[in-house]
Amino acid sequence: MLDWLVSPGDQVERHQPLVEMETSKSAVELPSPQAGKVVRIFGGAGDRINVSEPLIVFEVPDNTAGIVGTVPKDEAPTRRVRLSAVLDED
């Protein structure tokens, strides 16, 4: 189950909570791995997202994309980053 704390177009900071997720065992907040602008969210409040499915896409400045970003291109000033849910399910 999801409860979004951000919307497309929002600017987020690193470690800012993006979404509250509820598993069969607990509720957790997933933080942003870095600062950027929310481009798209997947699923709505109360929807179920399976492990490894996309959760959010956001743009980050070119010089901060790092390991979470995509392969650099000469003409691309920004990168889009996709964060997927990876939950421990016992």
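Note that the coordinates shown come from a computational prediction; the quantities given were computed from them, not determined experimentally.

**Some details on the sheet that holds strand E4 (residues 27–31)**
Reading across the sheet, the 3 strands line up as E1-E3-E4 and stay open at both edges, with antiparallel pairing between neighbours. Both outer strands of the open sheet, strand E1 (2–4) and E4, are each paired with one neighbouring strand and no more. Averaged over all pairs of adjacent strands, the angle between their axes in this sheet comes to 20°, without regard to strand direction. Sheet topology note: the strand E3 (residues 17–22)/E4 ladder contains 5 bridges and is antiparallel. Each bridged residue has a counterpart across the sheet, and for Met-21 the counterpart in E4 is Val-28.

Criteria and cut-off values
- Residues numbered from 1 in each chain as written.
- Predicted model: local features only at pLDDT ≥ 70, side-chain atom pairs only at ≥ 80, totals over all residues.
- Heavy atoms only, no water.
- Pairing = 2+ DSSP bridges.
- Helix = DSSP H or I, 4+ residues; strand = E, 2+ residues; numbered from the N terminus.
- Axes fitted to C-alpha atoms, helices over the stretch in contact; angles between N-to-C directions.

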